[in-house]
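# Reading the structure
Below are the chains, spelled out letter by letter.
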Amino acid sequence: MEELIAKRYIKALQSNADLESMKNMTAIFSALAESFKDASFINIIENPNVATKDKSKILLDSIKEAQSKTVDNFIKLLVENKRINIIPAIAQEMKKYVAHSTKTYEGVIYSDTKINQNLVAKLSSGLSKKFDSKITLATVNNDFNGIKVDVEALGIEINFSKDRIDNQMIEHIIKAI
């Protein structure tokens, strides 16, 4: 639900801003979204005993260095409409908008083994050519038995599971017998 509301706000913002302004606003809202990971910050923002004027001041003081009337007015609008809690969703949707506009995406490679940076570069360049975009990949070590490449913004998930390959080989051998 928050994503839908965030998309409406972003649509209004992007109609009056160029790509560079949207990039700057994305950085500002990403920083604000990080604040929502702090429990004490959330307690203050969600506390009904704290006046909306004080909430607005807290948020505006945190982005004062940006010196952007558009962002200041947008924050005031969010506070006025009691939509402060969607700031993380707004940041996420802004990142998606900028990524689609610049055709620059980030992805993750999951594996249980360490992956050579050469392989990461080849995967990145191959995907970039295939999707006519610039795709950068980061690696994450986890317990996945194989390799999984995920570029969420493009809806790409490529999965090479050792278990699945083993099962397919066993099925093939059984069929051959």
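The structure we're discussing is the one just above.
So, here's what we can say about the structure. (Residues numbered from 1 in each chain as written. Predicted model: local features only at pLDDT ≥ 70, side-chain atom pairs only at ≥ 80, totals over all residues. Heavy atoms only, no water.)

### With respect to the sheet that holds strand 4 (residues 156-161)
Defined as follows: The pairing criterion for strands is at least two bridges between them, as found by DSSP. Under the scheme used here, helices are H or I runs from DSSP no shorter than 4 residues and strands are E runs no shorter than 2 residues, and both carry numbers assigned from the N terminus. Angles here are taken between N-to-C directions and fall from 0 to 180 degrees, while the axes themselves are lines fitted to C-alpha atoms, restricted in helices to the stretch in contact. In what follows, a contact means two residues having at least one pair of non-hydrogen atoms within 4.5 Å.
In spatial order, the strands read 2-1-3-4; together these four strands make up an open sheet with mixed pairing. One side of each edge strand has no neighbouring strand; the edge strands of this open sheet are strand 2 (134-141) and strand 4. Taken pair by pair, the neighbouring strands of this sheet meet at an average axis angle of 15°, ignoring direction. In this fold helix 7 (residues 117-130) packs onto strand 1 (104-111), strand 2, strand 3 (146-151) and strand 4, with an angle of close to 145° to the strand it touches most, strand 2.

### With respect to the side chain of serine 111
Along the polypeptide, serine 111 turns up in strand 1. In this view, serine 111 contacts Val140, Asn141, Asn142, Phe144, Gly146 and Ile147; residues no more than four positions away in its chain are not counted.

### Details of the side chain of serine 56
With respect to the helices, strands and loops of the structure, serine 56 is situated in helix 4 (residues 52-62). Beyond its immediate chain neighbours, meaning those up to four positions away, serine 56 contacts Lys76 and Val79.

### Looking at the nonpolar core
As a reminder, the rule being used: Nonpolar cores were defined as sets of buried Ala, Val, Leu, Ile, Met, Phe, Trp, Tyr and Cys residues, with membership established by side-chain atoms within 4.5 Å. For every residue, the accessible area (1.4 Å probe, protein chains only) is compared with the maximum for its type, and the residue is labelled buried under 20%, exposed over 50%, or partly exposed between those bounds.
Phe29, Leu59, Ile75, Leu78, Ile87, Ile90 and Met94 are the most contacted members of the largest nonpolar core, which has 30 residues in total. Elements supplying a minimum of two residues to this core: helix 1 (2-15), helix 2 (19-35), helix 3 (39-46), helix 4, helix 5 (69-80) and helix 6 (87-102). When neighbours within four sequence positions are excluded, isoleucine 90 is seen to be in contact with Ala6, Ile10, Phe29, Phe74 and Leu78. Listed in part, the 11 residues of the second largest apolar core include Ala99, Tyr105, Ile109 and Leu127.

### Looking at the environment of asparagine 81
With respect to the helices and strands, the residue asparagine 81 is situated in the loop between helix 5 and helix 6. Put simply, asparagine 81 and threonine 52 are 29 residues apart on the chain and 9.9 Å apart in space, counted from C-alpha to C-alpha.

### So, the packing of helix 4 against helix 5
Each pair of packed helices can be summarised by the angle the axes make with each other and by the distance between the axes. What counts is decided by this rule: For classification purposes, angles smaller than 35 degrees are called roughly parallel, those larger than 145 roughly antiparallel, those between 65 and 115 roughly perpendicular, and all remaining angles oblique. Crossing handedness follows the turn of the near helix against the far one: under a right angle anticlockwise gives a left-handed crossing, and clockwise gives a right-handed one. Think of it as three bins: nonpolar holds Ala, Val, Leu, Ile, Met, Phe, Trp, Tyr, Cys and Pro, charged holds Asp, Glu, Lys and Arg, and polar takes everything else, Gly as well.
Packing of helix 4 against helix 5 brings their axes to within 10 Å, and their N-to-C directions diverge by 150°. Here helix 4 lies roughly antiparallel to helix 5, going by the angle between them. You can see that helix 4 and helix 5 cross each other, and the crossing is right-handed. Where helix 4 approaches helix 5, its residues Thr52, Ser56, Leu59 and Leu60 are matched on the opposing element by Asp72, Ile75, Lys76 and Val79. Grouping the constituent residues of the contact of helix 4 with helix 5 by class yields four nonpolar, two polar and two charged.

### Brief notes about the pairing of strand 2
Which entries qualify depends on this criterion: Here is how to tell: hold the view so the strands point away, follow the path from the first strand over the helix to the second, and if it runs clockwise the crossover is right-handed.
With eight bridges connecting them, strand 1 and strand 2 associate as parallel partners. Residue pairing across strands places tyrosine 105 opposite isoleucine 135, the latter belonging to strand 2. Handedness of the strand 1-helix 7-strand 2 crossover: right-handed.

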